[in-house]
Amino acid sequence: MNLTCIIVDDEPLAVSLLESFVGRTSGLELLASFTDSVEAVAAIRDQKPDLVFLDIQMPDLNGMDLARIVPEQTSIIFTTAFKEYAFESYEVSALDFLLKPIRYNKFLVAVEKARKRKTPLMAAAESSTEEAATTNADAGQSASRSSCFIRVDGELRQLPFASILYVSGMKDYVMFYLEGERRPLITHLTMKSVEDMLPRDRFLRVHRSYIIALDHIRKVDRNDCIYIGDEVIHVTDAYADDFHRFLNARTFGK
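Rules of the game
Residues numbered from 1 in each chain as written. Predicted model: local features only at pLDDT ≥ 70, side-chain atom pairs only at ≥ 80, totals over all residues. Heavy atoms only, no water. Core = buried A, V, L, I, M, F, W, Y, C linked by side-chain atoms within 4.5 Å. Buried < 20%, exposed > 50% of the residue type's maximum accessible area, 1.4 Å probe, protein only. Helix = DSSP H or I, 4+ residues; strand = E, 2+ residues; numbered from the N terminus. Contact = heavy atoms within 4.5 Å. Pairing = 2+ DSSP bridges. Expected span 1.5 Å × (residues − 1). Salt bridge = Lys/Arg side-chain N within 4 Å of Asp/Glu carboxyl O. Polar contact = N/O pair within 3.5 Å; in protein donor to acceptor, adjacent residues only side chain to side chain. pLDDT = per-residue confidence, 0-100. Phe/Tyr/Trp six-rings, centres within 6.5 Å; stacked < 30°, edge-to-face > 60°.

### Side note on the nonpolar core
Of all hydrophobic cores here, the largest spans 21 residues; its most connected members are V8, I44, L54, L66, I76 and F78. Elements that contribute at least two residues to this core include exactly β1 (3-8), β2 (28-34), α2 (37-47), β3 (51-55), α3 (63-67) and β4 (75-80). If you tally residues by element for this core, the top one is α2, at 4 residues. In this view, V8 contacts F34, S37, A40, I44, V52, F53, L54, D55, M58 and L66; residues no more than four positions away in its chain are not counted.

### A short note on the sheet that holds strand β14 (residues 225-228)
Each strand in a sheet pairs with another by means of backbone hydrogen bonds, the pair being arranged parallel or else antiparallel. If you trace the 3 strands from one edge of the open sheet to the other, you get β13-β14-β15, paired in antiparallel fashion. The open sheet has two free edges, formed respectively by β13 (219-220) and β15 (231-234), since each of these has just one partner strand. Judged from the 2 bridges that link them, β13 and β14 form a sheet pairing that is antiparallel. Bridge pairing in β14 links V220 to I226.

### Looking at helix α7 (residues 237-250)
In a regular helix each residue adds 1.5 Å, so 14 residues correspond to 20 Å; α7 covers 20 Å between its end C-alpha atoms and thus fits that length. Regarding α7, the residues found buried are Y239, A240, F243 and F246. Buried residues along α7 sit in contact with β11 (203-207), β12 (210-213), β13 and β14.

### Re the pattern of salt bridges
Under the definition given, this model contains 12 salt bridges. Note that E195 and R205 form a salt bridge whose closest N and O atoms lie 2.9 Å from each other. In this pair, E195 sits in helix α6 (residues 191-197) while R205 sits in strand β11, placing the two residues 10 residues apart along the sequence. Residue classification places R205 among the buried positions, given a relative accessible area of 4%. Counted as one network, the salt bridges with shared partners bring together D9, E11, D55 and K100.

### Things to note about the environment of K192
Examined against the element boundaries, K192 turns out to sit in helix α6. K192 sits 23 residues away from G169 along the chain, and the two C-alpha atoms are 9.8 Å apart. Beyond its immediate stretch of four places on either side in the chain, K192 contacts E72 and R205. Engagement of the side chain of K192 in a polar contact is seen with the side chain of D196, the distance being 2.9 Å.

### As for the confidence of the model for the protein chain
Put simply, the protein chain has an average pLDDT of 85, and 85% of its residues get 70 or more. Within the model, the stretch residues 123-129 combines pLDDT values under 50 with 0 contacts to residues more than four positions away or in other chains. Contacts from residues 132-143, a stretch scored under 50 in pLDDT, to residues over four places away or in other chains number 0 contacts.

### A look at the packing of aromatic side chains
Under the criterion given, the structure shown has 8 aromatic pairs. Aromatic side chains F21 and Y104 sit 5.2 Å apart centroid to centroid with 50° between the ring planes, which places their arrangement in the tilted category. Taken together, the residues F21 in helix α1 (residues 12-24) and Y104 in helix α5 (residues 104-144) connect sequence positions 83 residues apart. A relative accessible area of 18% places Y104 in the buried class. Residues F21 and F107 carry aromatic rings whose centres are separated by 5.2 Å and whose planes lie at 55° to one another, so their mutual orientation is tilted. Pair noted here: F21 is in helix α1 and F107 is in helix α5, with a separation of 86 residues, a long-range link. An identical accessibility class is assigned to F21 and F107; each is buried.

This is the structure in structure tokens:
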């Protein structure tokens, strides 16, 4: 299976090294390389690569901020000399984290993760045509559903929609935070599959890594920070328009 990729790093030597790695790797095609992260944004959005190798510490637009506007289907592999960013990389659902100086064997492992991630996404895309044929017939049933099932520790757990506060994504896993429960339920899913599963009149994606239950919002501050449960979730630019439309539709005294 072939993968396309883009390299973004403000250090030319780091770019050259990654380009040499890509050239040595079968089934990996380099679409473009950038030392300017701002210039990279348009190319990533237009070309929608399968994979982006992304430095974190860059001027103007750092890697963490750029990662938040990368298309959902694009995997992110961070490349950095600072291991303290490893935990923060999970907040933007990065696929992997390569510490400089990067070794080729580590590079290959990260690419293989991206290849495995693409496989189920392709299968889902191929089945979408068949699913579309039954969407209208199922619409009434979907609207009336009040719960869903997720697999946790080998068992199916039924979750009433009313009990879900928000959902957070981390790599290939998602965490369901529920009202009245201290610990989240963790299951192997993608954020896109969860977004499709939850009713859109009750849940909204507000961040690459967060889906919120609209009825559980306690308040929204002037910086577009949502207070829900014990969490404060910032609405990112990619999802701000949908969130503001929701607020405007429900706000008195505009």
